[in-house]
Structure formats: C-alpha cells, structure tokens
Amino acid sequence: MSGTIVDSAVFPNQTNTMAADISGQMLDLDEDDDLEVFSKQATRGSAFEFEEEEASDFKDIFVTVDNPESHITAIETFITYRVLTKTTRSEFDNSEYEVRRRYQDFLWLKGKLEEAHPTLIVHPLPEKFVVKGMVERFNGDFIETRKNALHRFLNRVADHPILSCSEDFKVFLTAQVWELASYKKQGPGLLSRMGETVRAVANSVRGVKNRPEEFTAMQLYVEAFSNKISSLDKVTQRIVKEQKEYLGELKEFGPIYTLWSGSEEELVGPLKGVAGCIERCCKETEEQVNQLSDTLVPTLHEYVLCSESLKAVLRRRDNIQAEFEAKNEALATKKVDQDALKEETDRLEDRVEWANSALKGDWGRWQRCMRGDLKSAFITTAQKNIDYYEKCQAVWETFLLSQRMDGSEDAEKDDSS
Amino acid sequence: MRCCDYTIQLIIATNIKNKKLANQFNRSFVALRYTIHYCCTSSIQRMTHQSSTLLRRLEISVAEAEKRTGKNTVNMQETFTVYLIETRPIDAITDGHNPAPDSLWRRYSEFELLRNYLLVTYPFIVVPPLPEKRAEFVWHKLSADNLDPDFVERRRVGLENFLLRVASHSVLSNDKILYHFLTEEHEWKEVVYETGFQAKADSRIKALSATFRVKNPDKRFTEMRHYSDELQSITSQLLRVRARVADRLYGVYKVHGNYGRVFSEWSAIEKEMGDGLQSAGHHMDAYAASVDDILEEEEHYADQLKEYLFYAEALRAVCRKHELIQYELETASSDLVSKKHQREELATGMVRTFSFKGMTNKLFGQEAPEQREARLGLLEEQIVEGEETVKEKTSECQEYVKDAWVDIQRFKEQKDRDLREALVSYAVMQISMCKKGIQVWTNAKECFQKM
C-alpha cells in the first residue's frame, strides 16, 4: 500500500463550488430544495428536528471496526483494521462491504469531513501518537482501545444525518485499498491548499468583529466544559491508579493469613476462610479496575478530545465570519470592482449564515449525544461499583455463616460433655 | 451465652451510632464477656469460673482520660495523661441502689510498674500485655502522637482491657498489689517497691536475654517457644500490611471526593444535567467521607492483633523461664556429678576425669594427706549442699512446668477464642463497608439516571 501523506489538520475549503457540493450531501430532500430549506430547518430551533430523523428504528447503516492485523513492509510496520458495513441505503451498490483500513485512512476521512463541513461537529479520532503513560491508562492494550475508538468514530459519522451522506464516507466504507489511494489523490492540490492555509491564518489573525451572542455563549460553555471534562478524566485516572495500588497491597494481605494458619490448630478454619475471602475480593477489585479502564476512562478521554474539536469548530466559524467581514469592509471602502465585490460579499454572507445554521443544528445534537454518552458511562460505572460491593459482601457473609455454624457446633459439644 | 451469641452482641455493639452509648454498652459487655463466657468452653475454664476471681466481686472500668502537667524527675515541665479507674463492689449494686463508684487516677507508667511486678512475681503466668507505649504500624493519616485524642481513647480501652484480663485471671486476680492499685491512690508505688521485686526484675531481664544451651528441655515448652516466635512474626507482618492496605483504601475513597467538586462545578454550566450532577456530587462527597469511620473501626481490629503480638512476647518469656530453670537444674546436676567424681578420685586415687589438680599432682607430686582430708571434707559439704540444690531445683522445675503449662493451656484457649472473634468482627466490618458502598453508589446511580 502506498503511503499517501495526509495533513493532520485541514483548513476550510474556500472554493466557489462549495454550495453545489453541500447540496449533494444533504438529507434526502427534493432536488429542488436548496440551502434555504436547510437553513430554515436549522434556525427553527436547535433541539428536536434531528432527533426525530435519527430515531433508532430509522437506522439503515451499520458499521463495525474489528480484527486488527499487523502489516510489515520494507519501509514501515502498521496495523490495519477490518471495516464491515451493512446498509440498505440506495446510494450503496451492495448491502454489505468489507474493507481494510489503517489509521491514516481514518485521519484522511476526518479531514475530508471537516473540510466539507467546517462547522459540523465531527467525533474525534483516538490520538495519533502514543502519549507517554497512555498505554498503562488503557489497560495496556493500545490497539484494542484504538480499535474501539475508531469503531465509535465511524458509528458517530454513520449516525449523523449529514455526515453519513458524505461521498468521502461512502468511498471510505466501500473502496478497495488501491481505489481509495487513487481517490485520495483527487481534490485540490498542494499549492492551492497552501493558499487556503495562508488565508485561514490571516483570517484568524484579523479576528471576528461582531460575533453573535449565542456563539460567544457557546465558546464560554466549551471552555468550561473542556475544563471540567479534563478534570474528570484526571480524577478517574487517579482513581484507577489508587485502586491498582490498593489491589497490590491487598494481594499481599491474604497470604499472610494462610501462612498463619500453618502455625495454628483451632484457628485454621477461620484463618483460611479470611484468606480466601480476601483473595476473592482481590479478583473483584481487579475486575472493577478493568471496567473503569475499559468504559469510563475512554469515554471521558474522548470527550476531552471532543472539546478540542468543538473549539476548532468555533474557530472555523469565526474565520468564516472574519473573511466575510473583511470582504464587506472592502466593499464599503473600495470604489472599483463594486459588482464583483458585491457578488463575492454576498456569497461569503451566505456562507456565514449557512455555517451558523449548521453549527446551531449540530450543537443540540452534540449536546444530546454527550449527555447520553456520559450519563450511560457514569451509570455503568455506578452499577459496576454496586456489583463489586454486592459480590464482596456475599463473600464475607458466606464466611460469617460458616463461623456461626462452627460456633454453635462447639457450644453443643460442651453442653453434652 | 454461646460463642455465636456474643458475635451477635458484637455486631450490635459496633452498629450503635451514639458513641457514648456504644462505649457504655461495650464496657459492660466486655466485663460480662470475661465473667460469663469463660464457662462456655472447657473444664479448666469452669474451674476458673468457680474460683472467685476479683472481677466477680468488683466492677472495674477505666472511665476517662485527662491531660495533666507536672514536674518530672529531672524537674522539667511535662504533659502527660492520667486515666480514671472506677471500681464498685458488685454486691453493692442492687435493685434501686446505684452507688457511685470509687475512683482514682493512674498514669501509664504506673500500669507499667504493675505489670512488671506481676511478670516478676508470677513468671509462670502469661501476663496480659499493656496497650502499646508508642503508636506503631501507623497508616499515614493516623497520628503517631501520644497526646492525640484518638490514640488516648484507644489506650484507655486497652488499659481497661488489661485490668479486666488481670482481674479475671484465677491466679493474678488474688494479688494484693493489684487490689491496692485499683483501690488506693496514694503510696502505691512505695508499697510495690517494698516488695523488693525490682532486684528480681533486673535479673529477670538479664536471664531472659542470655544465651544458654538446655540439654533436656520439656519438648512442649520448646514447641511453645517456637510458636510464640511465629505468632510474633506473623502478627507483626499482618499489622504492617494492614496499615498499608488502610492507607491505599483511604486514597481510593478520598480521590472520589474530587468527583464531588467537579460535578458541582460542571452542573453550573449544564441545563438538563445540572440537578442530577449536583446530587451525584453530594453522594461522591459522602463516599469519600465514609472511609474515616470505616478505618476507625478497623483500628479496633488492629488493636486486637496488637494485643496478641504482645501476648506472644509474654508467652515466649514463660517458655524461656522454663528453659532457664531447667538450665539451672542441669547445671546444678552436672556440678553435683563432677563433685562426686572428684570425691571418688580423691578417695580412691583413681583419676577418672581430667582435673588440674590431678595434673599438678602428677607433675609436682601428690599433696599431703592432711590437705587431702581437708579437701575431701569440703567436697562432702559441697555435695550435700549440691544434693539439696538439685532437689530444690528439681521440684522448682516440676512445679513450674505444672503451673506454667496450666496457664499456657488457658492462654491457648483464650487466644483461639479471641482471635476467632477478631476475625469474625473483621468480616462484619467488611460487610458493613460493602453495605455503605452499595448504598452510596445506588444513590449516585439514581442521580445519574436523572441526568
């Protein structure tokens, strides 16, 4: 497989054909419906429209990521994952697809989606590089964790009413390896992309002048949220660490009772009983720690990455507005080329409005997803803790019962002697 | 009252929320335990029960602790704690008649003095230990300061336990010095020193640490000594690891408190999730706080283990004393044998064993008959003395073995009972901890579901 180098950050596409591209990727509305309808829908109110359309009984595309495999070439070693798709959508020629993808391909897809929809919230990918200490956090199985995160990423895209209709997404799911490679080579060349980058930087330096109140509120929220979710991530990791150390000590505790039972006669029963109980509690503690690492830690971590995505989305929206504002100013000050400028300004104004609607619409959706994900993760964690304590309680109660029975036996013996 | 019954009592006692009430309950319960439960197990205990120990006649408790300041032996100001010993004759408590107890204050060093006296006076008894002088096996949150109120409280309980054990012992409870300790505040120290036990105390310490080889020790005592070493090693290991486990558990619980803080802050920026998060946060705080009570209860378990760590030392001392007496007997016997040989040599002129005198005789010629007579006479005297000594030592040894073995048996049964109860109470504590955990996380889960 040839290595296509994909930029890890893709700046907004500024071509004039954007409107046409977008309409092709919208929901299955009438061909005649255009931007207007979409905007109206979005501005009606953020909360409920998409929810109806995403009702789970409506789900018509199922994606799984599994089966990591190692590939060794002369140049590099990398892992590919199997991506299975089952769908009834008419845009797909078949109802089932099986392809192999590597992390780079996912990165490419994410970049394309963000390029096409700069103000839609795309679920984050797992980190590119192994951050020091991350391996231990994720139960030592980096590939397993990455695979799960990639699975979640694709499913989020598949569940998204707009993103799932993306042509790039379809190609990603269906194309064979060489087909994907050649598909990737299309699109704006390096030079034009560099030009876009320069423009984007200029825009962000210029800054936006009249940011609507709701987006400022959004930014404040995102900053606060990012802060809190990072804290939760750290706290949870700390808990995992403390639990592991507790487990370590507990593992030394039980054997001492067993050792002691070797010196005793009457106390052998209770001592071995206690040793056994502690051993079983160790197993339960280990399971609890694993659950924490498998469920809560990855979820929190994903939302840490999410909040970075959100910040990027807000930045991109600001840039779009900044570009429009700049052109608008130019329109007011320059005397020449008024018509061309007017056309350009109008186009940019539409673009701003479209970007704002997209974001507002997606914002509610994201919030719902976030609430659902975190709520579910916390409930699972709480339940696991309940299970853990219930199991341990049962272990100790069985021991107590055995001692009570021995106790009453002894007393009976004395009564008779 | 059967073994299983007082486990239930213990469960009740540990679940009483009102601390003062619980302490009162525990005190009377503990005293009850020493008088009644002893009759549950073997015939030895029944005999003990029948011989009226002090505890059957006198109600004893260490009711309070107070700080005092005073000048010490080098005339420097020091702060120390005194403990209130309350006693009340049991027959004075009748229906409707509840007389106030007699009381006096004692400090820890006086308890130590009492114990040292008992150790020396009854070397064949496994003397109950005192609570530790300095806090050891401390997990990091627990204070190692002797003036810390929690330490003082645990010490008060330990001192009471010591007195109850001594006062319910068939032999120790009859001691006059003990009675004086409990009932007369002043001049008790002088009375103790007048017994002259101090001299014996010093020689005891020296003897117990001396190394000597015993040829024919009573195998049972040798085994017991090995056992006491094992018990000491095991309990100290157990206490060390338990402290580390407690430390770690503390860490786990306390970190959850951070959830409380962050949830609360987060709830401020959320609309739908706000309430759920806020209340879940409260439960996380409660969870973090619950570990303090859990570990405080566990300290009681640690104290029970510590008591037997120190008991192991007392047991070891009893076994060593046997070896010492046996050694003295063997030394006296072999001295006697060698003196008898020397007599034979002198009498018959036959050199049986090597002796310096024999050698010098060979080298420098025999001594004069008068000298020989004198020496023979001396030897005869020494042999008579020696035979007396051997007789004394033999009977001392036999009596010691008999008395000590009785007490060792008593100790063994007490230990089996107490440690089993301790293990059961540990299980009870674990169950209680699990129940609290279930409660908190069930509440938290409900809050999450409302998110």
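Computed from a prediction, not measured in an experiment: that's the story for all the values here.

Chemist: Explanation requested: the confidence of the model for chain B in the structure shown.
Modeler: Residues and elements named next belong to chain B. For chain B, per-residue confidence averages 83 on the pLDDT scale, and 83% of positions sit at 70 or higher. Here residues 1-22 is a poorly scored stretch, pLDDT under 50, and it has 35 contacts once near neighbours within four places are set aside; other chains count. Low confidence marks residues 31-51, where pLDDT is under 50. Its contacts with residues over four positions away, or in another chain, come to 45 contacts. Among the scores for the predicted complex, ipTM is 0.83 and pTM is 0.79.

Chemist: What exactly am I supposed to notice about the packing of aromatic side chains here?
Modeler: Here a ring pair, both rings aromatic, is described through the centre-centre distance and the interplanar angle of the planes. Residues and elements named next belong to chain B. On inspection of all chains with the given rule, the structure shows 34 aromatic pairs over all chains. Taking 4.9 Å as the distance between ring centres and 70° as the angle between the ring planes, the aromatic pair formed by phenylalanine 181 and tryptophan 188 counts as edge-to-face. Per residue, the accessibility class of phenylalanine 181 equals that of tryptophan 188, and both read buried. Where tyrosine 259 meets phenylalanine 263, the ring centres are 5.5 Å apart and the plane angle is 5°; that geometry is what we call stacked. You can see tyrosine 259 and its partner phenylalanine 263 sitting in helix 10 (residues 219-267), four residues apart, about one turn around the helix. The ring of phenylalanine 181 has arginine 106 sitting right over it, with the charged end atom 4.7 Å from the ring centre.

Chemist: Help me understand the nonpolar core, please; the structure alone is not making it clear to me.
Modeler: Nonpolar side chains in soluble globular proteins generally cluster together in the buried interior. Core analysis: the largest hydrophobic core is formed by 163 residues, its most contacted members being Tyr257, Trp366, Phe378 and Trp396 of chain A together with Leu163, Phe263 and Trp266 of chain B. Top contributing element to this core by residue count: helix 13 (residues 369-449) of chain B, with 26 residues. In this structure, phenylalanine 263 of chain B is in contact with Leu232 and Phe378 of chain A together with Leu277, Ala280, Gly281, Met284 and Phe448 of chain B, ignoring residues within four places of it in sequence.

Chemist: Sorry if this is basic, but what is going on with the confidence of the model for chain A here?
Modeler: A low pLDDT score tells you not to read the predicted coordinates there in detail. Residues and elements named next belong to chain A. Overall, the predicted model of chain A reaches an average pLDDT of 80, with 78% of residues at or above 70. Per-element confidence in chain A ranges from a low mean pLDDT of 38 for helix 2 (residues 35-43) to a high of 95 for helix 10 (residues 213-261). A low-confidence stretch, residues 1-55 stays under pLDDT 50, and its non-local contacts, those more than four residues away or across chains, total 70 contacts. Low confidence marks residues 135-140, where pLDDT is under 50. Its contacts with residues over four positions away, or in another chain, come to 14 contacts.

Chemist: Looking at this structure, how should I read the pairing of strand 1 (residues 61-72) of chain A?
Modeler: A regular strand places its side chains on the two faces of the sheet in alternate fashion. Residue and element names in this part refer to chain A. Across ten bridges, strand 1 lies against strand 2 (residues 77-87) in antiparallel orientation. Paired with threonine 64 across the strands is leucine 84, a residue of strand 2. What sits between the antiparallel neighbours strand 1 and strand 2 is a turn of four residues.

Chemist: Sorry, what's going on with the sheet that holds strand 2 of chain A here?
Modeler: Within a sheet, each strand pairs with its neighbour through backbone hydrogen bonds, oriented either parallel or antiparallel. Residue and element names in this part refer to chain A. With respect to topology, three strands assemble into an open sheet ordered 1-2-3, the strand pairing being antiparallel. With partners counted over all chains shown, the strands left at the sheet margins are strand 1 and strand 3 (96-102), one partner each. In this sheet, adjacent strand axes meet at a mean angle of 20° when their direction is disregarded. Strand direction decides the pairing type here: strand 2 and strand 3, joined by seven bridges, are antiparallel. Bridge pairing in strand 3 links tyrosine 81 to arginine 101.

Chemist: Please explain the pattern of salt bridges as it appears in this structure.
Modeler: Pairing between side chains becomes possible if they bear opposite charge and their charged atoms approach one another. Applying the stated criterion across every chain, the model contains 60 salt bridges over all chains. We note a salt bridge from glutamate 69 of chain A to arginine 100 of chain A, for which the minimum N-O separation is 4.0 Å. In this pair, glutamate 69 of chain A sits in strand 1 while arginine 100 of chain A sits in strand 3, placing the two residues 31 residues apart along the sequence. Given the relative accessible area of 34%, glutamate 69 of chain A is considered partly exposed. Judged by relative accessible area, which is 22%, arginine 100 of chain A ranks as partly exposed. The closest approach of N and O atoms between aspartate 229 of chain B and arginine 316 of chain B, which form a salt bridge, is 2.7 Å.

Chemist: Explanation requested: the interface of chain B and chain A in the structure shown.
Modeler: It is common to report an interface's size as the accessible area lost on association of the parts. Taken together, the 62 residues of chain B in the interface contact 60 residues of chain A. Taken together, both faces of the contact between chain B and chain A bury some 5,800 Å²; the carbon and sulfur share is 72%. When residues of chain B are sorted by the area they lose upon contact with chain A, Arg248, Tyr259 and Arg420 of chain B head the list and together hold 11% of the total. At the boundary of chain B with chain A, the tally comes to eight salt bridges. Residue lysine 415 of chain B is joined to glutamate 264 of chain A by a salt bridge in which the shortest nitrogen-to-oxygen separation is 2.5 Å. Our count for the chain B to chain A interface comes out at 18 residue pairs in polar contact (both at pLDDT 80 or more). Elements that contribute at least two residues to the side of chain B that touches chain A include exactly helix 1 (3-15), helix 10, helix 11 (274-348) and helix 13 of chain B. It is helix 10 of chain B that contributes the most residues to the side of chain B that touches chain A, 24 residues altogether. Taken together, the residues of the side of chain B that touches chain A sort by class into 36 nonpolar, eleven polar and 15 charged.

Parameters at a glance
Residues numbered from 1 in each chain as written. Chains lettered and ligands numbered in written order. Predicted model: local features only at pLDDT ≥ 70, side-chain atom pairs only at ≥ 80, totals over all residues. Heavy atoms only, no water. pLDDT = per-residue confidence, 0-100. Contact = heavy atoms within 4.5 Å. Phe/Tyr/Trp six-rings, centres within 6.5 Å; stacked < 30°, edge-to-face > 60°. Buried < 20%, exposed > 50% of the residue type's maximum accessible area, 1.4 Å probe, protein only. Helix = DSSP H or I, 4+ residues; strand = E, 2+ residues; numbered from the N terminus. Lys NZ or Arg CZ within 6 Å of the ring centre and 35° of its normal. Core = buried A, V, L, I, M, F, W, Y, C linked by side-chain atoms within 4.5 Å. Pairing = 2+ DSSP bridges. Axes fitted to C-alpha atoms, helices over the stretch in contact; angles between N-to-C directions. Salt bridge = Lys/Arg side-chain N within 4 Å of Asp/Glu carboxyl O. Buried area = accessible area lost by both parts, 1.4 Å probe. Polar contact = N/O pair within 3.5 Å; in protein donor to acceptor, adjacent residues only side chain to side chain. Nonpolar A, V, L, I, M, F, W, Y, C, P; charged D, E, K, R; others polar.

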